[in-house]
Amino acid sequence: MLANASIILCVAAVVALDTFRVDAGEPPIELSEREFFEREIRPLLVEHCDACHNQQEQRGGLRLDVRQGWATGGDSGPAIVPGDPESSLLIRAVRYGDPHLQMPPDGRLSPDTVATLERWVTRGAPDPRSSEVSEPIGETDASAITRSKSFWSFQPLSSPPVPTNRDSSWPTTPVDQFILKQLQDRGLAPARAADKRTLIRRVTFDLTGLPPTSSEVEAFVADRSERAYDKVVHRLLCSPSYGERWGRHWLDVARYADSNGLDENLAYGNAWRYRDYVISSFNEDKPFDQFLIEQIAGDLLPRADRETRTATGFLALGAKVLAEPDREKLVMDTIDEQIDTTGKAFLGMTLGCARCHDHKFDPIRQQDYYALAAIFKSTKTFGDTNQGAIRHWFEHSFATDQERQKIKEVDDRIAQAQRAATAFKNQSMSDVRQQAVERAAQYLGAAARFEPSTSLSQVATIAKRDGLHPRILHHCRLHLQYREKDPIVAKWRALAATMSPEQLESYFTNLFRIARQEPDDRQRAEQETEPAAPKEKARTDPNDSPPDFDSQLIAQAHAALKDPSGLISVPPQPEHAFAPETLAEYNRLMEKARLIESGAPDETAAMGVSDASVFEELPVHIRGSHHNLGAPVRRAFPQVMRTSAVPPVLPRGQSGRLQLARWMADSRHPLTARVYVNRIWGWHFGNAIVRTTENFGKLGDRPSHPELLDWLTRFFIESGWSTKELHRVIVLSSTYRMQSRSDLEEAAESFDPENRLLWKFPRRRLDAEQLRDALLMVSGRLDRTPGGKSVPLRNRQFVFNHTSVDHTKYDSLRRAVYLPVIRNNLYPFFRQFDFPDPTMPTGRRAETVVAPQSLLMMNDPLVLDAAQGLAEHILRAAPTDEARIAAVYRRTLSREPEADEIEQANQFLDDVVSLEPTARWTLFCQALLISNEFLYLR
């Protein structure tokens, strides 16, 4: 039914990704995988493996300095099975689980390093290195830097003339002249103009992230003036919804999140202030050069205020290993993340690839990296407080003394509740252990009834019969199996060979009775049972007299009972240690403390950075290690991007961030404005002029319209770095207003199947936020309240509680930009519709079409509630079925239904006439909400 709004079928399609082919006959490697190898894997292999597994020295017959080396393998066979870490010898070796295969031989790698290698192998072990020989480091001397400036992205901004074309009727802005020139040069023609209903739906979603209302559509259709469309664009750019939509685009680039992620997933309780700063900046049309400077150095501006200090949250939002015991490593890793993010976000350069060595492909020297690192090392990113081993990030405080006093009182209440829970836990753990120690002999007797390989569920059956703790019994048996050097274990093994479980229990009952006594009592007990012979007598009958024990055995038994990780070990997790009623009480106390903390106010503050002790220079870290320092490098900016050969002179008393920000925001910088303009174009059309939005280097894409990119960039700068003026020149163009189909589709597709030349408007699926907000809006449930905190946690509170539950909720009816973004645990609806990884800058989201998306649209409560809300609204608003059908089409698809669609709709409603009215219309509304036409912009 509903032919023009056919329901999505379970069709899987993969968006084509930029790839780079390494060698003839080798499979292509995606740019993201190449970058992952260069940043994470190559330095690791160089540091830990190259010394013994290179071209000259191949221990075990294995080379690891070339791709073919691990593929061919050494004496034991291939070192890596791509995609299968469990079958890969390299992974087995670095895990140190096999005593006969352990690499590196001089000591095991850190868990994080092993995890990185495992992740690489799981991803298929992408390796762009030559199959034959190791690739030399690219030339980065002065002459090479000069030659590299001829590369297109390092060249000064040009001033290309606007082309003239044979067809002068089609272009409406200079953008069209550039597009039309390339089309005509290749014998192609642009598609016809889209109809008004299609156009207003497209531009409204594009500029505000929301669908147009029925009244807005009808007003635009009825407006016959030449400036009708211009007025729509102006209205949308002035809407508060514009900043919410385009601010969210920048938040992708800024890797915005409301939690730290990684192992210490603490809430970023004040990150929302940066988010609101971004939204406000777009709504105000803040000049982008100012926007950049504020985010890098807003705290250092002459008139720095709360807003500009909040902007520096850009540098603080990255994920951090907050519990890293090596503090210098934590600092340098954080600096690396800041340099990498700054380079990708503002310069389109992968600067982080030069941490361990000169950049392999771009003219970025390791000295350039550490010249920048000295600036960021002079920057304070971490605060002076901590939570045990977890270090806190720095925040700009805006609190008054009165507010701080109130916060302290709340902190005391939280601490009191947490102490109560902790005290209960400690006492309960002590009780469980005491009870187990008192029955230690029963555990040793029961342990003789099963093998070490017995599953925990089977052990639980044995334990239940004897009234023992199953996990303590299970651990006891494994301890008896694998701790053969333990003297009590040795005694148990010797006796178990000849005694029954009952005899073992009786023997150890007597031994532990004496061992538990105080020294004086123990001496008297030993005298009472003093043997005639110095050695104890073996006993085979439990009715025999008690055995004799020498003092050494008694001392060993005493030590075994006192050892909390030995024979009798209580599981450290309450859910594994406690009985159900004890666990329920502990959980109640923990939940009480959590609720007090979650509902407590945060100190008025903003994540950000500040200047610290200034480092005039920083040594190069050989192979990226702060334990291996090389020659010092003075603070500076990357040489290839500088307009002058003279290094910058930075003030002694400042970090240099302000000078760095102003240098990047200079109109003469070859990259900054180009990179941003390219992003804006890509967010309008789906594909940017340079598709690799974070990589304008040699491995990046080449611009499809280089002259247009430079013209737009110059227009942007001359317009005062105004984003809204850039929007206008793009969306008012005929290029933007084309249909998404062409009369010459087949011929054009054969020549340009990816539509890189823009002979039609690219058909695009709504992204996750557009889709969610549209569902709420058409059902009349969207809450337009702007700004404010959204994560239901106090600042620096753990996201996951003691039971590993994330209490974050996504049932808010506010716009999607105000929903929490939790690293490691994204909102499932967002994750299904290609929400980006919030740990890295993303300028171009994936756009997948997979079967689970259709299943989600058919079953997710968000969709079902939206369908019901829309049905209830329609039943109230329209008196007849025909009027209701038309109203649903106008509200969801911004158009009137065709005659055959009305007929099909009536037939569908007749088929479900047995249902009550709301249920019937809910099914009909859902059919439109999950249709291709609702999900896609034409």
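Residues numbered from 1 in each chain as written. Predicted model: local features only at pLDDT ≥ 70, side-chain atom pairs only at ≥ 80, totals over all residues. Heavy atoms only, no water.

Caption draft 1: Expanded view of the overall build of the protein chain. Assigned secondary structure in the protein chain consists of 39 helices and twelve strands. Each principal axis of the C-alpha distribution contributes one length, and for the protein chain these read about 120 × 80 × 65 Å. Looking at the protein chain as a whole, 54% of its 938 residues are labelled buried. For the protein chain, contacts bridging at least 24 residues in sequence account for 71% of all contacts bridging at least 6. (Helix = DSSP H or I, 4+ residues; strand = E, 2+ residues; numbered from the N terminus. Buried < 20%, exposed > 50% of the residue type's maximum accessible area, 1.4 Å probe, protein only. Contact = heavy atoms within 4.5 Å.)

Caption draft 2: Representation of the domain arrangement of the protein chain within the structure. We note that the domain assignment places domain 1 (33-123), domain 2 (169-193 + 666-762), domain 3 (239-399 + 603-663), domain 4 (407-525 + 548-593) and domain 5 (765-795 + 849-937) within the protein chain. Computed over C-alpha atoms, the centres of domain 1 and domain 2 are 44 Å apart. (Domains from an automatic or database assignment.)

Caption draft 3: Main features of the side chain of Arg594. You can see Arg594 is positioned in helix H26 (residues 580-598). Among the polar contacts listed, one links the side chain of Arg594 to the side chain of Glu591, at a separation of 2.8 Å. (Polar contact = N/O pair within 3.5 Å; in protein donor to acceptor, adjacent residues only side chain to side chain.)

Caption draft 4: Up close: helix H17 (residues 401-438). With 38 residues, H17 should reach 56 Å at 1.5 Å per residue; the first-to-last C-alpha distance of 54 Å fits that figure. Buried-residue contacts for H17 involve helix H18 (440-447), helix H20 (470-482), helix H24 (551-562), helix H25 (574-577) and H26. (Expected span 1.5 Å × (residues − 1).)

Caption draft 5: Broad picture of the packing of helix H36 (residues 881-893) against helix H37 (residues 899-911). At a minimum axis separation of 11 Å, H36 and H37 run at an interaxial angle of 115°. Here H36 is positioned roughly perpendicular relative to H37, judged by the angle of their axes. Crossing of H36 over H37 shows right-handed handedness. Contacts from Asp881, Ile885 and Tyr889 in H36 reach Glu901, Ile902, Ala905, Asn906 and Leu909 in H37. Classifying every residue of the contact of H36 with H37 by side-chain character gives five nonpolar, one polar and two charged. (Axes fitted to C-alpha atoms, helices over the stretch in contact; angles between N-to-C directions. Parallel < 35°, antiparallel > 145°, perpendicular 65-115°, else oblique. Left-handed = near helix turned anticlockwise from the far one by under 90°. Nonpolar A, V, L, I, M, F, W, Y, C, P; charged D, E, K, R; others polar.)

Caption draft 6: Geometry of the UniProt feature "coiled-coil region" (unreviewed entry) in the protein chain. Sites flagged by UniProt as "coiled-coil region" (unreviewed entry) map to residues 400-427. Split by type, residues 400-427 is 96% helix and 0% strand. Its first and last C-alpha atoms lie 40 Å apart. (UniProt positions renumbered as here; feature names shortened; annotations may be inferred.)

Caption draft 7: View of the pattern of salt bridges. Tallying each qualifying case throughout the model produces 62 salt bridges. The shortest N-O distance in the salt bridge between Asp767 and Arg245 comes to 2.8 Å. Here Asp767 is found in the loop between strand E11 (764-765) and helix H32 (768-778), whereas its partner Arg245 is found in helix H10 (residues 240-253), with 522 residues between them in sequence. For the pair shown, Asp767 and Arg245 are each scored as buried. Arg355 is the salt-bridge partner of Asp333, the closest N and O atoms lying 2.9 Å from each other. Taken together, the residues Asp333 in helix H15 (residues 327-347) and Arg355 in the loop between H15 and helix H16 (366-377) connect sequence positions 22 residues apart. Here Arg355 falls in the buried class, since its relative accessible area comes to 13%. A single salt-bridge network, built from bridges that share partners, covers Arg39, Lys329, Asp333, Asp336, Asp340, Lys344 and Arg355. (Salt bridge = Lys/Arg side-chain N within 4 Å of Asp/Glu carboxyl O.)

Caption draft 8: Molecular detail of the environment of Gly787. Secondary-structure assignment places Gly787 in the loop between H32 and helix H33 (828-832). Sequence-wise, Gly787 and Val849 are 62 residues apart; in three dimensions their C-alpha atoms are separated by 32 Å. For Gly787, the residues in contact, after removing those within four places along its chain, are Arg275, Asp276, Arg814 and Tyr818.

Caption draft 9: Spatial organisation of helix H28 (residues 672-685). In a regular helix each residue adds 1.5 Å, so 14 residues correspond to 20 Å; H28 covers 20 Å between its end C-alpha atoms and thus fits that length. Of all 14 residues that make up H28, 14 are buried, and the element is covered over most of its length. Phi turns positive, to about 90°, at Gly686, one or two residues after H28.

Caption draft 10: Structural context of the side chain of Thr173. Along the chain, the position of Thr173 falls in the loop between helix H5 (142-148) and helix H6 (174-185). Relative accessible area serves as the criterion here: at 11%, Thr173 is assigned to the buried category. From its side chain, Thr173 meets the backbone oxygen of Val729 in a polar contact 3.3 Å long. In this structure Thr173 touches Val729, Leu732 and Ser733, once residues within four positions along its chain are discounted.

Caption draft 11: Representation of the packing of aromatic side chains within the structure. By the definition in use, this model includes 41 aromatic pairs. A network of ring pairs unites the aromatic residues Trp250, Tyr274, Tyr277, Phe282, Phe288, Phe291, Phe314, Phe346, Tyr676, Phe716 and Trp721 as a single cluster. (Phe/Tyr/Trp six-rings, centres within 6.5 Å; stacked < 30°, edge-to-face > 60°.)

Caption draft 12: A look at the pairing of strand E5 (residues 390-393). Of the strand pairs in this sheet, strand E4 (residues 382-387) and E5 are connected by three bridges, and their pairing is antiparallel. Counterpart to Asn386 in the pairing with E5 is Arg391. (Pairing = 2+ DSSP bridges.)

Caption draft 13: Spotlight on the packing of helix H7 (residues 196-208) against helix H8 (residues 214-222). In the contact formed by H7 and H8, the axes pass within 10 Å of each other and the chain directions differ by 130°. When the axis of H7 is compared with that of H8, the two are oblique. As H7 runs across H8, the sense of the crossing is right-handed. Only Glu216, Val217, Glu218, Phe220 and Val221 of H8 make contact with H7, whose side of the interface consists of Lys196, Arg197, Leu199 and Ile200. Along the lines of polarity and charge, the residues of the contact of H7 with H8 split into five nonpolar, no polar and four charged.

Caption draft 14: Representation of unusual backbone geometry within the structure. Of note, the amide linkage connecting Met103 to Pro104 takes the cis form, showing an omega dihedral of -5°. Checked against the element boundaries, Pro104 lands in the loop between helix H3 (89-95) and helix H4 (111-122). Phi is positive for Tyr96, close to 65°, though the residue is something other than glycine. With respect to the helices and strands, the residue Tyr96 is situated in the loop between H3 and H4. Of the residues examined, Tyr96 reaches a relative accessible area of 17% and is grouped as buried. In this structure, Asn755 takes a positive phi of about 55° despite not being glycine. Along the chain, Asn755 falls in the loop between helix H31 (745-751) and E11.

Caption draft 15: How the structure looks around the confidence of the model for the protein chain. The predicted model of the protein chain has a mean per-residue pLDDT of 89, with 92% of residues at 70 or higher. Note that pLDDT drops below 50 for residues 1-25; the model gives that stretch 70 contacts with residues more than four away or on any other chain. When the criterion is pLDDT under 50, residues 132-139 qualifies, and its contacts beyond four places in sequence or with other chains add up to 18 contacts. (pLDDT = per-residue confidence, 0-100.)

Caption draft 16: Examining the environment of Ser551 more closely. Structurally, Ser551 is set in helix H24. A C-alpha to C-alpha distance of 9.4 Å links Ser551 and Ala515, two positions 36 residues apart in sequence.

Caption draft 17: Structural detail: the environment of His627. Assignment of secondary structure puts His627 in the loop between strand E9 (617-621) and strand E10 (629-634). For His627 and Leu553, which are 74 residues apart along the polypeptide, the C-alpha to C-alpha distance reads 48 Å.

Caption draft 18: Focus on the state of the cysteines. Tallying each qualifying case throughout the model produces zero disulfides. The thiol sulfur of Cys356 is not disulfide-bonded, and the nearest other cysteine sulfur, from Cys353, lies at 9.5 Å. In this structure Cys356 comes out as buried when scored by relative accessible area, which is 17%. (Disulfide = S-S within 2.5 Å.)

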